[in-house]
Amino acid sequence: MNEITQLVVDQIGFEVYQLSESALTLEFGNKIDVEISRTISNLNQAIQAQPFIGYRTTVQAYCTLTVFYDPILVLTSKLNGNNCVEKIVGYLKLLSTKITSTTKLITTTITIPVCYGGDFGPDLEEMATLNQLTTNEFIALHSAAKYKVYMIGFVPGFAYLGGLNEKLFSPRKAQPRSTIVSGSVGIAGRQTGIYPLNTPGGWQIIGRTPNKLFDSKCIQPSLLKAGDSVIFKPITIDDFNSYPKHSDAD
Amino acid sequence: MQIKILKPGILSTIQDLGRMDFLSQAVPTSGAMDTLSARIANKAVGNPDDFAVIEFTYAAAELETLTDVLVAYAGDGAILSINGNNLPSERPLFIPKGNTIKLKNNPDGARTYLSIVGGWAAKTVMGSKSTYLTAGFGGHYGRSLIAGDVLSNDPITSQLSKTMIKKLKSDTPKFLNWSIPKTLLLSSNRKVIRVFPGREFSKFNGLSITNFFSSTFKIAVNSNRMGFHLEGNLMLQRKKEELLSTAVAPGTIQVTGSGNLILLMADCQTTGGYPRIAQVAAVDLTLCAQLKPGDSLQFEDISTEDAEILYLEREKELNKLTTAISSRF
């Protein structure tokens, strides 16, 4: 069986398990929670600020942080332990004592312009009706909230956002669309999100942003990252058309 | 050095050892499915392991040498031939300008890797030359190879590669009478895949776990670079629980809502929400990459510690190979 190690950071306990020969996952329970997410972001930033030898990258999710590493470099490093897990757990123990809830977390707020309804948001009217709202009320509620990026997953640059007003909860489409245009803003259940690439999808589409959510040529290809805050700003079709056009292709 | 693709085959893409540094932005690792074969093809021409190679899926591809080339191939999806004469794998091959190389069916596997001295030239995107088709970036213009594509090598910097060219240069295809002993690195039964328990392993009922390790599974037709669907006994949880999405990796074996297995491969998503019953040992993931739809496999239980030891031993052997090849030239 997997050896499970228990640790504490910022008064929140977590378990460590091995995902692969080159990755460990730190698991903080199994629920969506702003405080847990904040603690994970905190630890994530601490690891990146003081990485161990052999560190490659991290993947933050709702209640996990996965640390990827080069096993050879970790094993030949001076960290204490007989194998990669022991060495990295030792490093995490030391690191976690330095993190408290007062540790300053760097968060970025990103405003995303959205042209709601019309051809860009074919499901807006139906979802407004379903929720007994006018389309304007629907747009106002959607653009009033400050959303939190819990994680990036599914396809490059896709952000799982938390904080959708419950008046806007909408079921998935019974029949997924074969193509959803990149930049489309959608709702599925309690989630809202933006499609970064042209992909098939079953979300209700309520608008589109002219911003590029993922650009493989940028230093940070994904516009959003875990821990960021997001605000949607309604724009007109004329505003939309004044943004520079972009294509998915390289 | 240059070659032209005459026939692309089913799926041929440029790959290296993958793109590790953008997983946090949900960019998949990609890279060669069978990293061992890709590395051996590179070593065989004096390249570093992580240079770009062409990954051919099955056979039927054809290419023409537009200049003299020094190439090598490894992997079990095809046998390369010129005018009906088979070319040996896992060693440097000097092929003069104007030859047509055909990929003939090899029933042993699925994927074949072709290296060239200096590595195949392609734009580096996010630290890697690997093609990721879903988002259309990396490799040869973000797509799979098509007939008419002309591919070149990057400048040759390795002294060993230069020496190989000098020694093998000839008017006809030429190669030495030795090869890299790749089979020595692999376990004898290539249909037995070693795994260690995944995070949700203990959530499955006893019968499912017994079946997991004692029955065989078949690779389904709808398998691709993202993952393999496995047909066989269903894996049932003792109590159904909803999981939140978390990181997964190539080699992760997920169980879908209906109890079917999905083995994640090179182009898999970075996160997933299905319970993970097991993780394939990295050293055996290269064996999985050579399985075809219809092939059967079995899982064998090992510990995470043993998986790590196997990984380290494999790396040690590969390092020794590099030294051994240099001593030949």
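Residues numbered from 1 in each chain as written. Chains lettered and ligands numbered in written order. Predicted model: local features only at pLDDT ≥ 70, side-chain atom pairs only at ≥ 80, totals over all residues. Heavy atoms only, no water.

Each helix and strand in chain B was counted, giving 5 helices and 21 strands. In terms of overall size, chain B behaves like a compact globule, its C-alpha atoms giving a radius of gyration of 20 Å where 329 residues would be expected to give roughly 20 Å. Principal axes of the C-alpha set define a box for chain B whose edges measure 70 × 35 × 35 Å. Buried residues in chain B amount to 59% of all 329 residues. Restricting to contacts in chain B with at least 6 residues of sequence separation, those with at least 24 account for 77%. Carbon and sulfur atoms form 51% of the exposed surface of chain B, whose accessible area is close to 12,600 Å². In chain B, the 35 positive side-chain charges and the 30 negative ones have mean positions that sit 5 Å from each other. (Helix = DSSP H or I, 4+ residues; strand = E, 2+ residues; numbered from the N terminus. Rg over C-alpha atoms; globule rule 2.2 N^0.38 Å. Buried < 20%, exposed > 50% of the residue type's maximum accessible area, 1.4 Å probe, protein only. Contact = heavy atoms within 4.5 Å. Areas by Shrake-Rupley, 256 points an atom, 1.4 Å probe, with all protein chains shown as cover. Lys, Arg positive; Asp, Glu negative; His and termini not counted. Charge placed at Lys NZ, Arg CZ, Asp CG, Glu CD.)

Residues and elements named next belong to chain B. Each assigned domain of chain B is listed here: domain 1 (2-184) and domain 2 (192-312). Across the boundary between the two partners, domain 1 contributes 28 residues, which contact 15 residues of domain 2. In total, domain 1 and domain 2 occlude about 1,500 Å² of area from one another, counting both sides; carbon and sulfur atoms represent 52% of this. At the boundary of domain 1 with domain 2, the tally comes to 1 salt bridge. Of the charged contacts, one joins Glu-55 and Arg-225 as a salt bridge, the two residues approaching to 2.8 Å between their closest N and O atoms. Every element with two or more residues in the side of domain 1 that touches domain 2 is listed here: β2 (11-15), α1 (35-43) and β10 (111-116). The element best represented in the side of domain 1 that touches domain 2 is α1, accounting for 3 residues. Considering only residue class, the side of domain 1 that touches domain 2 consists of 13 nonpolar, 10 polar and 5 charged. (Domains from an automatic or database assignment. Buried area = accessible area lost by both parts, 1.4 Å probe. Salt bridge = Lys/Arg side-chain N within 4 Å of Asp/Glu carboxyl O. Nonpolar A, V, L, I, M, F, W, Y, C, P; charged D, E, K, R; others polar.)

Residue and element names in this part refer to chain B. The element strand β13 (residues 192-197) is largely enclosed, with a buried count of 6 among its 6 residues. In terms of strand pairing, β13 meets strand β21 (residues 296-301) through 4 bridges, oriented parallel. Within β21, the position partnered with Val-195 by the bridge is Asp-301. With 3 bridges joining them, β13 and strand β20 (residues 276-280) adopt antiparallel strand pairing. In the strand pairing of β20, Val-195 is matched with Val-280. (Pairing = 2+ DSSP bridges.)

Here we take up the domain arrangement of chain A. Residues and elements named next belong to chain A. As far as domains go, chain A holds domain 1 (5-97) and domain 2 (109-242). Averaged C-alpha coordinates put domain 1 and domain 2 at centres separated by 31 Å. Counting residues at the interface gives 8 residues for domain 1 and 8 residues for domain 2. Taken together, both faces of the contact between domain 1 and domain 2 bury some 670 Å²; the carbon and sulfur share is 62%.

Once that is clear, we can look at the interface of chain A and chain B. Note: interface size is frequently given as the accessible area lost on complex formation between the parts. Contacts between the two partners involve 45 residues from chain A, matched on the other side by 46 residues from chain B. Across the chain A-chain B interface, the total number found is 3 salt bridges. Arg-199 of chain B is the salt-bridge partner of Glu-15 of chain A, the closest N and O atoms lying 2.7 Å from each other. Here chain A and chain B share 8 residue pairs in polar contact (both at pLDDT 80 or more) between them. Residue assignment for the side of chain A that touches chain B shows that the elements contributing at least two residues are β2 (12-20), β3 (23-27), β4 (55-60), β5 (64-69), α2 (71-75) and β7 (147-152) of chain A. Here the element with the most residues in the side of chain A that touches chain B is β2 of chain A; it accounts for 5 residues. (Polar contact = N/O pair within 3.5 Å; in protein donor to acceptor, adjacent residues only side chain to side chain.)

Before going further, it helps to examine the nonpolar core. All names here are of chain B. Core analysis: the largest hydrophobic core is formed by 80 residues, its most contacted members being Phe-212, Ile-253, Leu-261, Ile-277 and Phe-299. With 6 residues, the top contributor of residues to this core is strand β5 (residues 69-75). Split by domain, this core shows at least three residues from each of two domains, domain 1 (2-184) and domain 2 (192-312). Beyond its immediate sequence surroundings of up to four residues, Ile-277 is in contact with Pro-197, Gly-198, Phe-201, Phe-204, Ile-209, Phe-212, Met-235, Ile-253, Val-255 and Leu-261. (Core = buried A, V, L, I, M, F, W, Y, C linked by side-chain atoms within 4.5 Å.)

What follows is about the UniProt feature "domain: Carboxyltransferase" (unreviewed entry) in chain B. Residues given the UniProt feature "domain: Carboxyltransferase" (unreviewed entry) here are residues 24-317 of chain B. Here residues 24-317 of chain B is 17% helix and 27% strand, with 32 Å between the C-alpha atoms at its ends. (UniProt positions renumbered as here; feature names shortened; annotations may be inferred.)

Here we come to the sheet that holds β21 of chain B. All names here are of chain B. As summarised here, the arrangement of the 7 strands in space is β13-β20-β17-β18-β15-β14-β21, forming a closed barrel in which the pairing is mixed. Neighbouring strand axes in the sheet, compared pairwise and without regard to direction, differ in orientation by 40° on average. Pairing of strand β17 (residues 252-255) with β20, which is carried by 3 bridges, proceeds in the antiparallel orientation. What sits directly across from Thr-252, in β20, is Gln-279. (Axes fitted to C-alpha atoms, helices over the stretch in contact; angles between N-to-C directions.)

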